[in-house]
Amino acid sequence: MMPPRCAICNASLGDRDCATFTLVYFRAIGPPLDHEGHPENALWFCKDHVRFTEGKTDMSAILAMVHIRAAVRRNAPNPWPLTSMP
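The present account deals with the structure reproduced in this document. (Residues numbered from 1 in each chain as written. Predicted model: local features only at pLDDT ≥ 70, side-chain atom pairs only at ≥ 80, totals over all residues. Heavy atoms only, no water.)

In this section: the environment of C46. Relative to the helices and strands, C46 is located in strand β2 (residues 42–46). What makes C46 buried here is its relative accessible area of 0%. Residues C46 and S12, spaced 34 residues apart in sequence, show a C-alpha to C-alpha distance of 8.5 Å. (Helix = DSSP H or I, 4+ residues; strand = E, 2+ residues; numbered from the N terminus. Buried < 20%, exposed > 50% of the residue type's maximum accessible area, 1.4 Å probe, protein only.)

This is the structure we're talking about:
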């Protein structure tokens, strides 16, 4: 299995405490492959981004990531707020 690295911000064990990562399983898109290693439908998320996975585990990992990244962008602070315009 791959060591924890957030699928959104790319934070790893060297950046944060191991307990802050969660392995999230999404819907498998095919039969399980007969090999050892990291599951194809599972991704690591840090404590800051795991909340965006709620309600998306019934999607494939690829589709879920599209929705998760969009949710993260919507939740991010606006670098150019309208109040800063001259």
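From this point on, the discussion continues.
Moving on: the packing of aromatic side chains. For the structure shown, the criterion picks out 1 aromatic pair. Here F26 and F45 contribute two aromatic rings whose centre-to-centre distance is 6.2 Å and whose plane-to-plane angle is 70°, an arrangement assigned as edge-to-face. Here F26 is found in the loop between β1 (21–25) and β2, whereas its partner F45 is found in strand β2, with 19 residues between them in sequence. For the residue pair F26 and F45, the accessibility class agrees, reading buried in each case. (Phe/Tyr/Trp six-rings, centres within 6.5 Å; stacked < 30°, edge-to-face > 60°.)

The biggest cluster of nonpolar side chains holds 19 residues, and the ones touching the most others in it are C6, I8, F21, F26, F45 and I68. Broken down by secondary-structure element, the contributors of at least two residues to this core are β1, β2 and α1 (61–75). Sort the elements by how many residues they give to this core and α1 lands first, with 6 residues. In this structure, I8 is in contact with F45, H49, M65, I68, R69 and V72, ignoring residues within four places of it in sequence. (Core = buried A, V, L, I, M, F, W, Y, C linked by side-chain atoms within 4.5 Å. Contact = heavy atoms within 4.5 Å.)

Attention now moves to unusual backbone geometry. Residues other than glycine seldom take positive phi values, yet N10 does so here, at roughly 65°. Tracing the sequence through the fold places N10 in the segment before β1.

For the structure shown, the criterion picks out 0 disulfides. Summary of cysteine pairing: C6 is not part of a disulfide, and the nearest cysteine sulfur, belonging to C46, is at 3.7 Å. With no disulfide partner, C9 has as its closest neighbouring cysteine sulfur the one in C6, 3.7 Å distant. (Disulfide = S-S within 2.5 Å.)

Below, the discussion takes up the side chain of S60. If you trace the backbone, S60 turns up in the loop between β2 and α1. Residue classification places S60 among the buried positions, given a relative accessible area of 12%. Of the polar contacts made by the side chain of S60, one reaches the backbone nitrogen of L63; its length is 3.3 Å. Each residue touching S60, except ones within four places of it in the same chain, is listed here: F26, R27 and I29. (Polar contact = N/O pair within 3.5 Å; in protein donor to acceptor, adjacent residues only side chain to side chain.)

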